[in-house]
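# Chains, contacts and geometry: an overview
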Amino acid sequence: MSRFHDIALAVLIFGCSPSASDAPIAVPDRATFPAVADLLVKRCGTLDCHGTAYRNLRIYGSQGMRLSPGDRPLSKGTTTAAEYEADFQSVVGLEPEILTTVVKDGVSPDHLTFVRKARGTEHHKGGSLMQEGDAQDRCITSWLAGSTDVVGCQNAANGSF
Amino acid sequence: MKKLHLLLVVLYACSDPVHAQQKAALGGEVAGVPHGPTHRPGQPCLVCHGNFSVAGTVYLDPIEKNGARDVVVVLTDSQMREHTVKTNEVGTFIVRTNEWQPVYPMKVALEYGGVTTPMTADIGRDGACATCHFDPAGPTSPGHVYLSPDGGTP
């Protein structure tokens, strides 16, 4: 009986104790995300890339996939608040534990698959979309670092390619 | 029997069920239309034609399915290299891989009647217009490619 009680107590303690997956997740700033999202919509969110619901990173926005059944792609400048929110949830939901280390502990952003693929340092069917340190990269990394370069993001989103 | 099983496993391993499904979804040929540059307008050409780099069909307007002939399609890739091609009698244009292969992303514009209409978004990686442009229009497709909303010269 004593052995049974010991086992039961151990199960109770370890079964109910907080695990790593229960630790709070830290995310980048939501308020400045639309500036980042506009860049993602343009560079990543085309209908033949991440403008589809079939990808882990799914991007909604005026240039590609729309959230509302009544909206249409290629309607520049009309990304809705709901689409920005869906994009935010998609980005922060990719690798939340790693994102937390980047946002909270200042770990290098290239620990995120999202950043590595965009930089082309990990195989990405869409190729290399940005180089470390260029305007597009600075937009994303500044957001991850907690000091979003909003003007830089807007310039990058309005760039030629 | 073991050899037959092995053969079946090898054959299955060499098939591409996703691609096969994509091809099957396009349906059969239209009776009376020869297999060639005028067949299957509006379909994603690159599903079957691996020797095409960019291809598609341009229509006159967003409603009717009347192909727009002699439209100049101007393609500009991320290296700022430009390639132009003209649509044929059913509105279809074809760029073969041995003619030009874009470095994506790519921009496209249509020239007709002295007016140039650029596409508002870039093309990410797929040279088949109909991958994204299909009917009916909805949240995941702007509908087929067309020249102008009213069908006239833009």
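Just above, that's the structure.
Residues numbered from 1 in each chain as written. Chains lettered and ligands numbered in written order. Predicted model: local features only at pLDDT ≥ 70, side-chain atom pairs only at ≥ 80, totals over all residues. Heavy atoms only, no water.

### Regarding the overall build of chain A
Each helix and strand counted, chain A has seven helices and zero strands in total. Dimensions of chain A, computed from the C-alpha atoms along their principal axes, are close to 75 × 40 × 30 Å. Taken over 161 residues, chain A has a buried fraction of 40%. At a minimum sequence separation of 6, the contacts of chain A that also span at least 24 residues come to 46%. Summed over all atoms, the accessible surface of chain A reaches about 8600 Å², with 58% contributed by carbon and sulfur. Looking at charge distribution, chain A has the averaged site of its 15 positive side-chain charges lying 7 Å from that of its 18 negative ones. (Helix = DSSP H or I, 4+ residues; strand = E, 2+ residues; numbered from the N terminus. Buried < 20%, exposed > 50% of the residue type's maximum accessible area, 1.4 Å probe, protein only. Contact = heavy atoms within 4.5 Å. Areas by Shrake-Rupley, 256 points an atom, 1.4 Å probe, with all protein chains shown as cover. Lys, Arg positive; Asp, Glu negative; His and termini not counted. Charge placed at Lys NZ, Arg CZ, Asp CG, Glu CD.)

### Here's the deal with the pairing of strand β2 (residues 72-77) of chain B
Residue and element names in this part refer to chain B. Counting buried positions along β2 yields five of six residues, so the element is predominantly enclosed. Sheet topology note: the β2/strand β3 (residues 82-86) ladder contains five bridges and is antiparallel. Following the sheet pairing, Thr76 is matched in β3 by Glu82. With six bridges joining them, β2 and strand β5 (residues 106-112) adopt antiparallel strand pairing. Among the inter-strand pairings, Asp77 is bridged to a residue of β5, identified as Met106. (Pairing = 2+ DSSP bridges.)

### Observations regarding the packing of helix α2 (residues 33-43) of chain A against helix α7 (residues 150-157) of chain A
All names here are of chain A. Put simply, α2 and α7 touch, their axes get as near as 8 Å, and they point 20 degrees apart. When the axes of α2 and α7 are compared, the pair comes out roughly parallel. Crossing geometry of α2 relative to α7 is assigned as left-handed. Residue-level inspection shows Ala35, Val36, Asp38, Leu39 and Lys42 of α2 in contact with α7, the latter providing Val150, Cys153, Ala156 and Ala157. Taken together, the residues that form the contact of α2 with α7 break down as seven nonpolar, no polar and two charged. (Axes fitted to C-alpha atoms, helices over the stretch in contact; angles between N-to-C directions. Parallel < 35°, antiparallel > 145°, perpendicular 65-115°, else oblique. Left-handed = near helix turned anticlockwise from the far one by under 90°. Nonpolar A, V, L, I, M, F, W, Y, C, P; charged D, E, K, R; others polar.)

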